Each structure stands twice: as C-alpha cells, then as structure tokens.
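# Coordinate inspection notes
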Protein chains: 2
Amino acid sequence: MDLQDAETGERRPETLGEEIFGRILDLIYSTELAPGMVVNESVLATRFGVSRGPVREAIRRLQGIQLVSREPFLRARVVSLSAQAILELFQMREALEGYACRLAAQRMSEAEIDALIADLEAAHSGRQPEGARFDFHERVVRASGNNRIIDSLCGDLYHLLRIYRRISGAVPERKELAFTEHWQILRAIKMRDGALAESLMRSHVERAGRHVLAQVPETPSIAAADAEKRAS
Amino acid sequence: MDLQDAETGERRPETLGEEIFGRILDLIYSTELAPGMVVNESVLATRFGVSRGPVREAIRRLQGIQLVSREPFLRARVVSLSAQAILELFQMREALEGYACRLAAQRMSEAEIDALIADLEAAHSGRQPEGARFDFHERVVRASGNNRIIDSLCGDLYHLLRIYRRISGAVPERKELAFTEHWQILRAIKMRDGALAESLMRSHVERAGRHVLAQVPETPSIAAADAEKRAS
DNA sequence: GGTTGAAAATGTGTCAACAGTTTTGAGGTG
DNA sequence: CACCTCAAAACTGTTGACACATTTTCAACC
C-alpha cells in the first residue's frame, strides 16, 4: 500500500484538498500567512490554480484543528494566540504528555528505552543521523501506545506548537537545560517509575511554556494590525 | 458565545452545513446510522433536500472529530470503536479530566463549589430542575477554566462518549456508586487538594471505562456486518 | 466450475455559476 | 464635520454538472 513513498521525488497527494491543506499550512509556517491575517478562499484558489472547492475544504480542516478561526459568513483568519491561549495550550500538553509519559514507562521494552537514550545522547552530542531530526517529545508520546493521544499531540496540537516553537528552540542555554530534563525523564522511565516520569514531564512542559510566554509578551493586537495592513 | 443554548425552543443554525452536521449527528445518536455503516453523500443530500456540498462539509467535520473514518476515494463510515479504541478513549479522558479536576480545585470559588455540591445532591435525590439535566463531569471540566480542554472534552470526545454512555448510565447500582465517587471528588476540591481530586477523578473515569468495556465485549465486526446488510 | 478481465454502475473529487450576506465607500443630511 | 443611509463591491454559502476512482457485474476464457 505504501510503496510510492520512497524516492519518487514528487509525492502524489491523493486528493487536491489534501495538497492544498499542506500548502496553506506551509504558508502559515513561513509566516506569509501570519497570525491574524485573513484567509481568502478565492485568492488562494487562483494562486494555487484550483477551484474554490478544495481550498474551502482545506480551510475547514484548518478550522477543525483550530489553526484558523471562523464564524458563519465572516472571513476566516489565521488564529493569533493570546497569552491566555498559549497558557491553556501548554496546560493541555502537560496533562496529555504527562499521562503519555506514564504509559510509556509501563509499556516500553528495555530495548526501546535504551534505543531512545542512545538517540537522545547522539542528538545532543551533535551527530544526529542527517535527514531525521530527533524529537524527544514525539518519541515518548508515540511510545505511549495510545493512538488517540498520539493523534491529538502529534496532529492538532503539534501544528499550533510549531508556530511558537522556534522561539524557545533557538536559545542555547534552554537547549542544554532541556537535554538534562529529557535525560531525567528517561531515567525515570527506565526505573519504571511512571508517577515520577509523569511529574517530571509535566514540570518540563510547564517550564517550556513559561519560556515561550516570556518571549511572547503581548503581540496579538500588533500582529493583527500588521496583518491588516499587508492585506490591503 | 453560548447564548442561544437556553430556551429559544427553535435554534437558528446559521448555515446549512451546520444544520446538516447536527442532523447527521442525531442520526448517529439514534443508531439509524449505526457504527460501521456507510455514510453516503448523495443519499443524505436528497434525504435532507439539499445539495451535496453542505452534506460533504458536515461529513468532513464529523471526520475531523473522528466520528466517521474515511480514506481519499473510499466511502465514509461511522466509526465503530474496538475495545482497544474504547480503552484509549477513556485513558485520554483520565488524563484530561483528571487535570481539569486539579485546575478546578485551584480556581473554583467557595460559592461555586457549594453550588455544585447542592446541584449534585439535588440531582441525586431525584428533584433536578426539569429541562436541564445535571452533568457532573461537564460541570467540573468547565470549572477548570481551560477553554482548550473544555472544547476537547465537551466537544470532540463528548460525542464519542455519548454513543457508549447509555450503556453504563442505566444500571442503578453503578449510578449509586458514581454518586459516591462524585461526592468524594467534590470534597477533595473543597479541601483544595488538587492532587487528590485529580487522583480520584482518574480512578472514577477508569472504573467507568472498565464498566463500559465489560458491557461491550466484542461487537465491532457484528455491528459492521449488520450495518452492511441494512445498507443493501 | 472457477478465474480473469472488461464494462457498467456507484460514489467521491472538482469545477464554474448563482444566491445570500457582510463590508466598503460614496453621497446626502443634521 | 460627523453621522447616517443606501447601493455597489467583495466574499462566503450553495447548487448542479462533469471528471475521475472504485466497486460490482457479468461474460469470456482457462
């Protein structure tokens, strides 16, 4: 079934709506569609050389994962998270990733744990296998084995996170602290102490959230205003 | 935002797609669209007297909240939860409602707590204010103040839960036990013991999950086959 | 008799045009 | 000059027709 995913160069997104969804997502990631900006169906349709139908579907899907806000006949806008919304986002991550961490401590095999530790240390010492970036949180979440939690964290929430992640990812000292915390979490998992692993993961996520909040003091209205000017 | 939910009698679903979404949801709740059955766009369109467009949007939205499964050109089907999926669903509830409970213990005012206790006991003693059914879990979740968690639990997950809820809701002894557990949770909240409240809520949800699982041993394939026959 | 393969049937994906609503902005009025 | 009114513009919601993919049917063939 999955035999065309290897080296075809050009992928074949099964349906047009799927492809448009991805391309709009890229526009949002590249800040060409910044938070607060209007997402116009017909403009994007002509831009991508397709009808409004697929664009409409893509926007509805983005609306479903809360990346754009919309009301019945009003224009859709890229969601711009308030400080409150960012706090709530990270709280939800605390709840879900903490629990996933607890499950991982129960379910992972010794071999899996050791492999994860090895990958973590490899990524930290600089030499990560090129092409596959190491994502500690995703690895732990997937190890939980709960597909519903996996989909929620690696799907919907991940997109939102990614917009605000570059902020906290670049600071070197933060990176060093994150490695230490990741290592401690893995140690708790290896000791099969689910409660401790969950607690550590919660603290870790909460710290990351505070860091993001500190870097994004209050730019929701500014971004929206700026977006408005560019839209005209 | 939730101001038309009270006593208007007839709601005014702003757009056709919204209304169709609700009507398909009702069809699923009434088991006219049972788990495993095919959701046909054109059939529903003619049935509701609208074009395929709004129906298509509604189905995509149902797909977004995981009530129907679908692949590019294949037919959409009402999702039929396996035992594994039910387990995962309740685990996610454990994580989210537990955390919400902890937040509620921090944020609720004394007056809010007392009011909730009063409503719980009123509902238990039979005389609940007619028209507004008492939902303990929803009340606690909303008291958490985290809108993202609220939307997730009272929106997406709630619809899935509701399909399997009638099973566990009807048993009298279960109802009595649930009241006791609810009461204990509220007591922990009143003592401002967030950790205890979270722990109690997790146990409570887990117990409910086991109860549902026991009542639904293995009917996924049966339901799907039955659905197939009715579809022809 | 069972299997393979083509063609009809069914259903989803896409499109362009139409209808209804919101926004814009020009003109008039106090 | 500010405010209100109202029509044109812009945009979203909806529709029916057409294109493509899948599934099913059924007949020819091994």
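Just above sits the structure.
Source: prediction; values computed, not measured. (Residues numbered from 1 in each chain as written. Chains lettered and ligands numbered in written order. Predicted model: local features only at pLDDT ≥ 70, side-chain atom pairs only at ≥ 80, totals over all residues. Heavy atoms only, no water.)

### As for the overall build of chain A
Helix and strand content of chain A: 10 helices and 3 strands. Along its sequence from the N terminus, chain A presents helices and strands in the succession α-β-α-α-β-β-α-α-α-α-α-α-α. The buried share of chain A, reckoned over its 232 residues, is 43%. Restricting the contact set of chain A to residue pairs at least 6 apart, pairs at least 24 apart contribute 71%. (Helix = DSSP H or I, 4+ residues; strand = E, 2+ residues; numbered from the N terminus. Buried < 20%, exposed > 50% of the residue type's maximum accessible area, 1.4 Å probe, protein only. Contact = heavy atoms within 4.5 Å.)

### A word on the interface of chain A and chain B
The interface is formed by 30 residues belonging to chain A together with 30 residues belonging to chain B. Contact between chain A and chain B buries roughly 2700 Å² in total, counting both sides, with carbon and sulfur atoms accounting for 48%. Together, Met92, Tyr99 and Arg148 of chain A form the three largest contributors to the area buried by chain A at its contact with chain B, with a combined 26%. Viewed at the interface, chain B and chain A are joined by 6 salt bridges. Glu57 of chain B is the partner of Arg56 of chain A in a salt bridge, and the nearest nitrogen-oxygen pair spans 2.6 Å. (Buried area = accessible area lost by both parts, 1.4 Å probe. Salt bridge = Lys/Arg side-chain N within 4 Å of Asp/Glu carboxyl O.)

### A closer look at the protein's contact with DNA strand D
As a structural note, the neighbourhood of DNA strand D is formed by 19 residues, with Arg52, Arg60, Arg70 and Pro72 of chain A together with Leu16 of chain B the closest of them. When atoms of DNA strand D within 4 Å of the protein are sorted by moiety, sugar and phosphate together comprise 72%. Arg56 of chain A has a polar side-chain atom sitting 2.9 Å from a phosphate oxygen of DNA strand D. A distance of 2.7 Å is found between a phosphate oxygen of DNA strand D and a side-chain nitrogen or oxygen belonging to Arg70 of chain A. Residue assignment for the surface near DNA strand D shows that the elements contributing at least two residues are α3 (52-64) of chain A together with α1 (16-29) and α3 (52-64) of chain B. Per-element tally for the surface near DNA strand D: the top contributor is α3 of chain A, with 3 residues. (Near = heavy atom within 4 Å. Polar contact = N/O pair within 3.5 Å; in protein donor to acceptor, adjacent residues only side chain to side chain.)

### Observations regarding the environment of Gly36 of chain A
Mapped onto the secondary structure, Gly36 of chain A falls in the loop between α1 (16-29) and β1 (38-39). Taking the C-alpha atoms as reference points, Gly36 of chain A and Val78 of chain A, separated by 42 residues in sequence, lie 5.1 Å from one another.

### Brief notes about the protein's contact with DNA strand C
Neighbouring DNA strand C are 19 residues, the closest being Leu16 and Ser51 of chain A together with Arg60, Arg70 and Pro72 of chain B. Near the protein, within 4 Å, the atoms of DNA strand C are sugar or phosphate in 76% of cases. In this structure, a phosphate oxygen belonging to DNA strand C sits 2.9 Å away from a main-chain N or O atom of Ser51 of chain A. Taking Asn40 of chain B, its side chain carries an N or O atom lying 3.1 Å from a phosphate oxygen of DNA strand C. Counting only elements with at least two residues in the surface near DNA strand C, the list comes to α1 of chain A together with α3 of chain B. Top element by residues in the surface near DNA strand C is α3 of chain B. It accounts for 3 residues. Of the residues that constitute the surface near DNA strand C, the class distribution is 8 nonpolar, 4 polar and 7 charged. (Nonpolar A, V, L, I, M, F, W, Y, C, P; charged D, E, K, R; others polar.)

### Describing the relation of the copies chain A and chain B
Mapping chain A onto chain B leaves a residual RMSD of 0.1 Å; the transformation is a rotation of 180° accompanied by 0.1 Å of translation along its axis. Both copies of the chain, as the preceding transformation shows, are related through a two-fold rotation axis. No C-alpha of chain A approaches the rotation axis more nearly than that of Ala95 of chain A, which lies at 2.8 Å. When you check the interface residues of chain A against chain B, 97% turn up at the interface there too, and the contact is symmetric in its surfaces. (Least-squares fit on C-alpha atoms with pLDDT ≥ 70 in both.)

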